[in-house]
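# Summary of structural features
Letter by letter, the chains look like this.
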Protein chains: 2
Amino acid sequence: MSDATREIEALIEMMAKLPGLGPRSARRAVLHLIKKRSRVLMPLAEAMRVVGETARECLNCGNIGTSDICDICQSEKRRNGEICVVEDVADLWAMERGGAFKGRYHVLGGTLSALDAVGPEDLRIPKLVDRVTAEEVTEVILALNATVDGQTTAHYIADLLESRVRVTSLAQGVPIGGELDYLDDGTISAALRARKSV
Amino acid sequence: MSDATREIEALIEMMAKLPGLGPRSARRAVLHLIKKRSRVLMPLAEAMRVVGETARECLNCGNIGTSDICDICQSEKRRNGEICVVEDVADLWAMERGGAFKGRYHVLGGTLSALDAVGPEDLRIPKLVDRVTAEEVTEVILALNATVDGQTTAHYIADLLESRVRVTSLAQGVPIGGELDYLDDGTISAALRARKSV
């Protein structure tokens, strides 16, 4: 296809499979890397090797870190007794960027899905039940995506836990900076139902 | 910003600087890499290391390869006497994907630019002049971008070489599959001036 040698071609093919990159952007990225070989390419290769050798899932919550128990689970600054349940590590990072939550996390690793035959044992749900008992948890906050699978999973977990602990979920409504005209009907209805006095 | 450990954070920052990726897509890409550590991350790190150690510019034409003289310059299947001048290796790859050109290439490494103080010596223009003499070239095909800098560079090279060799440039006109209504006026005018009998 292109005239790069086999090694460069192989690198382009691997890069093109990353989410967010396609063949064209992979070629551009690889050319950029080759042009800045010592300042960009070699440090990047080394950073990947280091992460590849050290990254692992936290045995407690499923977060990604470099030790068996992640920094958040180990931290003494985080509040005990509150667990925020997210689908994925990316969602945990998004919550942390928000900066409002000071408790601990639990990463499910996906959602329940009848179609894809994903059951509770395939996710980190049994471990969540264990933690609720073991860590004297007072509140489980479900921060799952507002998709069908995400909400199905939220309902399942709520059913499972609400006899033992307070279960809450993120509020639904108009996003900050959002314009009503561009919002879908479901969000507007939800925001209306959850209206507050000012 | 996020709660990944320092090594993962460093990798995300490096990835975010690649062309075509930003902070969000870099985070997604790194999570993807960590999840498929043995099948994707480690081979990618290794491919980068190999390319970093072997890739170099062809001393003759400026193409990127793994030897001092690139495969195209070495190939006996390519036609001698025709040199296609491109700005960048990405343009060379684009020409090769087209598959219509069977001669050799010359990669300038940029365009002349008064603003950025890029003169002929900063590009591979003196080397092009040498090659025209040394390789008994009969035609120089200018395949430079249709930008102001690209066309300035094309005119400069044409002035320099047209006393010694035939200098041509790519045709301008309606792209295959292009709709007139969406084309800029300059392209339509150029296509009209270059009209052919059917």
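Residues numbered from 1 in each chain as written. Chains lettered and ligands numbered in written order. Predicted model: local features only at pLDDT ≥ 70, side-chain atom pairs only at ≥ 80, totals over all residues. Heavy atoms only, no water.

### Observations regarding the UniProt feature "domain: Toprim" (unreviewed entry) in chain A
The sites that carry the UniProt feature "domain: Toprim" (unreviewed entry) are, in the present numbering, residues 81-175 of chain A. The span residues 81-175 of chain A carries 36% helix and 18% strand; its end-to-end C-alpha distance comes to 28 Å. (UniProt positions renumbered as here; feature names shortened; annotations may be inferred. Helix = DSSP H or I, 4+ residues; strand = E, 2+ residues; numbered from the N terminus.)

### A closer look at the relation of the copies chain A and chain B
With an RMSD of 0.0 Å, the operation that places chain A on chain B is a rotation of 180° combined with a shift of 0.0 Å along the axis. Accordingly, the operation relating the two chain copies is best matched by a two-fold axis. Rotation axis and chain A: the residue whose C-alpha lies nearest the axis is Ala45 of chain A, separated from it by 2.3 Å. Looking at the interface residues of chain A, 100% of them are also at the interface in chain B, so both copies use one shared face. (Least-squares fit on C-alpha atoms with pLDDT ≥ 70 in both. Contact = heavy atoms within 4.5 Å.)

### Comments concerning the domain arrangement of chain A
Its domain assignment divides chain A into domain 1 (6-54) and domain 2 (76-169). Relative placement of domain 1 of chain A and domain 2 of chain A: their C-alpha centres are 35 Å apart. (Domains from an automatic or database assignment.)

### Regarding the interface of chain A and chain B
In this complex, chain A contributes 53 residues to the contact, which on the side of chain B involves 53 residues. Summed over both partners, the interface of chain A with chain B comes to about 5000 Å²; 74% of that surface belongs to carbon and sulfur atoms. The tally of links between chain A and chain B comes to two salt bridges. Asp88 of chain A serves as the salt-bridge partner of Lys35 of chain B, at 3.1 Å between the closest nitrogen and oxygen. Counting across the interface, chain A meets chain B through six residue pairs in polar contact (both at pLDDT 80 or more). Elements that contribute at least two residues to the side of chain A that touches chain B include exactly helix H1 (6-16), helix H2 (23-35), helix H3 (37-54), strand S2 (64-65), helix H4 (71-74) and helix H5 (89-98) of chain A. (Buried area = accessible area lost by both parts, 1.4 Å probe. Salt bridge = Lys/Arg side-chain N within 4 Å of Asp/Glu carboxyl O. Polar contact = N/O pair within 3.5 Å; in protein donor to acceptor, adjacent residues only side chain to side chain.)

### Focus: the sheet that holds strand S5 (residues 139-142) of chain A
Residue and element names in this part refer to chain A. Across the sheet, which stays open at both edges, the four strands sit in the order S4-S3-S5-S6 with parallel pairing between neighbours. Lying at the two open borders of the sheet, with one neighbouring strand each, are strand S4 (104-107) and strand S6 (166-169). Neighbouring strand axes in the sheet, compared pairwise and without regard to direction, differ in orientation by 25° on average. Taken together, the four bridges between strand S3 (residues 82-86) and S5 define a ladder with parallel strand orientation. Opposite Val85, over in S5, you have Leu142 as the bridge partner. Contacting S3 and S4, H5 crosses the sheet at an angle of about 155° to S4. Lying on the sheet, helix H6 (residues 125-134) is in contact with S3, S4 and S5; it crosses S4 at an angle near 155°. (Pairing = 2+ DSSP bridges. Axes fitted to C-alpha atoms, helices over the stretch in contact; angles between N-to-C directions.)

### So, the side chain of Glu139 of chain B
All names here are of chain B. As for its position among the elements, Glu139 is in strand S5 (residues 139-142). Within the structure, Glu139 has its side chain in polar contact with the side chain of Thr168 (distance 2.9 Å). What Glu139 contacts, discounting residues up to four positions off in sequence, is Gly81, Glu82, Ile83, Val165, Arg166 and Thr168.

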